[in-house]
Amino acid sequence: MREGDRVVDGRIVDADGRPVPVRDSNGGVVDVKVCPSADSGH
């Protein structure tokens, strides 16, 4: 993460609110939550 990045709904977003792409070991972008959402009930 970089300065200004934050976690929203379990996903990383930049300071402007744009999603930060998470890449797998092959370099492909994956849609993965980095933590459970606050509203998920967990």
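Attention in this report is confined to the structure presented alongside it. (Residues numbered from 1 in each chain as written. Predicted model: local features only at pLDDT ≥ 70, side-chain atom pairs only at ≥ 80, totals over all residues. Heavy atoms only, no water.)

Considering the overall build of the protein
So, step 1. A count of helices and strands for the protein gives 0 helices and 4 strands.
So, step 2. For the protein, the α and β elements follow one another from N to C terminus as β-β-β-β.
So, step 3. Counting every position in the protein, which comprises 42 residues, the buried fraction comes to 14%.
So, step 4. Across the protein, contacts joining residues at least 24 apart in sequence account for 17% of those joining residues at least 6 apart.
So, step 5. Carbon and sulfur atoms make up 50% of the accessible area of the protein, which totals about 3,500 Å². (Helix = DSSP H or I, 4+ residues; strand = E, 2+ residues; numbered from the N terminus. Buried < 20%, exposed > 50% of the residue type's maximum accessible area, 1.4 Å probe, protein only. Contact = heavy atoms within 4.5 Å. Areas by Shrake-Rupley, 256 points an atom, 1.4 Å probe, with all protein chains shown as cover.)

Let's talk about the pattern of salt bridges
So, step 1. Across all of its chains, the model carries 3 salt bridges by this definition.
So, step 2. Note that Asp-31 is salt-bridged to Arg-11, the shortest N-O span being 2.8 Å. Pair noted here: Asp-31 is in the segment after strand S4 (29-30) and Arg-11 is in strand S2 (residues 11-13), with a separation of 20 residues, a long-range link.
So, step 3. You can call Asp-31 exposed: its relative accessible area is 64%.
So, step 4. For Arg-11, a relative accessible area of 31% puts it in the partly exposed group.
So, step 5. Asp-16 is the partner of Arg-18 in a salt bridge, and the nearest nitrogen-oxygen pair spans 3.2 Å.
So, step 6. Through salt bridges that share partners, Asp-14, Asp-16 and Arg-18 make up one connected network. (Salt bridge = Lys/Arg side-chain N within 4 Å of Asp/Glu carboxyl O.)

A few points about unusual backbone geometry
With the exception of glycine, the majority of residues adopt a negative phi angle, and the majority of peptide bonds are in the trans configuration.
So, step 1. One non-glycine residue, Asp-9, adopts positive backbone phi at about 55 degrees.
So, step 2. Note that Asp-9 resides in the loop between strand S1 (6-8) and S2.

Things to note about a nonpolar patch on the surface
So, step 1. A cluster of nonpolar side chains, contributed by Met-1, Val-7 and Val-34, occupies part of the molecular surface with about 290 Å² of accessible area.
So, step 2. Inspection of the secondary structure puts Val-34 in the segment after S4. (Patch = residues over 30% accessible without salt bridge, like charges linked within 9 Å, V, L, I, M, F, W, Y side chains within 5 Å.)

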